[in-house]
Amino acid sequence: MHILKQLKTKKDRDEAGLFIVEGEKCVAEIPDDWEVVRYIASQSYIAGHSAAKNDGAALIAALGLRPAPLETLRDALFESYAPAQTPQGIVAICKQRKFTLDDLFTAKTKAQPIFILGECLQDPGNVGTLIRTAAAAGASGIVLTPGSADIYNPKVLRAAAGAVLRLPIVTDANLDATCALLGHKLIPLYAAHPRGDVLPYALDMKKSFCLLIGNEARGLSDEALATAGALVRLPMANAVESLNASVAGGVLLYEAVRQRSGVI
């Protein structure tokens, strides 16, 4: 079985310890601390780059990619194996990385970090969008509990637009252990909740905090809610009950950006 076809399932991705980064832009922006095992490109993609001259090494150099073997596939095979419905002609096979809770706190961690703790976030689009927004808002890391979408799922990677590779993301994290570590670091937990008693504008988000976001259908568990220092709600009009998890997370993250930028 070809590796592109093999890596379509989480089970096979985890067993191989690999995943697929698709699209020229995302492939070109893979950070140096992620290992690229090989590149795979379609014949027409290579033919469309005159600098390559049907030479894989020349193509990699022309695109500014790190050295790695390049495999060429016939267009029909590439299109049938690639994750996207309309593949862009090149993908990278990369090694997965496993982050721990301790990896959230390093010499590079900002003085007043923002973290996201997602409890059983199952929708790949939501998870990818939240990761992308967290990276854009300057968050220092993300923690996902068991039952959350696989961060190496192509739908997550597509929605995150490369941000999965720019933040430490701890997966299958124990909720109690995470909350205990945050408590030890004196980082409060703010839980997004439709019936919360605090508006985000009343919180001091210039200081460190962790934003707790629950499952799309069930919300946060009682155990998670019990750990929160504040239940935060967004004002709603016209009897709208709640926002999509990634949208709510984005609004709250950008309230922190607003406060930290000094904008009134």
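Shown above is the structure to which this text applies.
Below or above, wherever it landed, is the structure these notes cover. In this text the structure is predicted, and so the values were computed from the model without any measurement.

1. With respect to the packing of aromatic side chains
Per the stated rule, a full pass over the model turns up six aromatic pairs. Ring geometry for tyrosine 190 and phenylalanine 209: centres 5.5 Å apart, planes at 25 degrees, overall stacked. Here the residue tyrosine 190 occupies a position in strand β8 (residues 189-192), and phenylalanine 209 occupies one in strand β9 (residues 209-213), the gap between them amounting to 19 residues. Each member of the pair, tyrosine 190 together with phenylalanine 209, is buried. Of the aromatic side chains, those joined through ring pairs into one cluster are Phe19, Trp34, Phe99 and Tyr152. If you follow lysine 185 out to its NZ or CZ, it ends over the ring of phenylalanine 105, 4.9 Å from the centre.

2. Some remarks on the nonpolar core
Ranked by internal contacts, the top residues of the largest apolar core, which has 75 residues, are Ile131 and Val164. When near neighbours in sequence (up to four residues on either side) are disregarded, isoleucine 131 contacts Ile142, Ile151, Val156, Ala160, Ala163, Val164, Leu167 and Ile169. Core analysis: the second largest hydrophobic core is formed by 12 residues, Leu4, Leu73, Tyr81 and Val91 among them.

3. Here we look at helix α9 (residues 175-184)
Each turn of an α-helix holds 3.6 residues, which means side chains three or four residues apart point in the same direction. Buried within α9 are the following residues: Leu175, Thr178, Cys179, Leu181 and Leu182. Looking straight down α9, one finds that the buried residues subtend no more than 160 degrees of arc, so they occupy a single side. Relative to its buried face, α9 has exposed residues pointing more than 90 degrees away, namely Asp176, Ala180 and His184. Check the buried side of α9 and you find it contacts β5 (114-118), β6 (141-144), β8, β9 and α10 (222-227). Regarding α9, its N-cap is asparagine 174, as a side-chain oxygen of that residue lies 3.0 Å from the backbone nitrogen of aspartate 176 further along.

4. Here we look at the sheet that holds β8
Taken in spatial order, the six strands line up as β7-β6-β5-β9-β8-β10 in an open sheet, and their pairing is parallel. Of all strands in the sheet, those bounded by a partner on one side alone are β7 (169-170) and β10 (230-232). Where β6 meets β7, two bridges bridge the pair, whose relative direction is parallel. Each residue of the ladder has a partner; that of isoleucine 142, found in β7, is isoleucine 169.

5. What to know about the sheet that holds strand β2 (residues 36-42)
The strand order β1-β4-β2-β3 describes an open sheet built from four strands, whose pairing is mixed. Whereas interior strands pair on both sides, the edge strands pair on one side only; in this sheet they are β1 (18-22) and β3 (70-73). The sheet shows a mean angle of 25 degrees between the axes of neighbouring strands, direction not considered. Across four bridges, β2 lies against β3 in parallel orientation. Considered in β3, the bridge of isoleucine 40 is made with glutamate 71.

Cut-offs and rules
- Residues numbered from 1 in each chain as written.
- Predicted model: local features only at pLDDT ≥ 70, side-chain atom pairs only at ≥ 80, totals over all residues.
- Heavy atoms only, no water.
- Phe/Tyr/Trp six-rings, centres within 6.5 Å; stacked < 30°, edge-to-face > 60°.
- Helix = DSSP H or I, 4+ residues; strand = E, 2+ residues; numbered from the N terminus.
- Buried < 20%, exposed > 50% of the residue type's maximum accessible area, 1.4 Å probe, protein only.
- Lys NZ or Arg CZ within 6 Å of the ring centre and 35° of its normal.
- Core = buried A, V, L, I, M, F, W, Y, C linked by side-chain atoms within 4.5 Å.
- Contact = heavy atoms within 4.5 Å.
- Arc of directions from axis to C-beta.
- Polar contact = N/O pair within 3.5 Å; in protein donor to acceptor, adjacent residues only side chain to side chain.
- Pairing = 2+ DSSP bridges.
- Axes fitted to C-alpha atoms, helices over the stretch in contact; angles between N-to-C directions.

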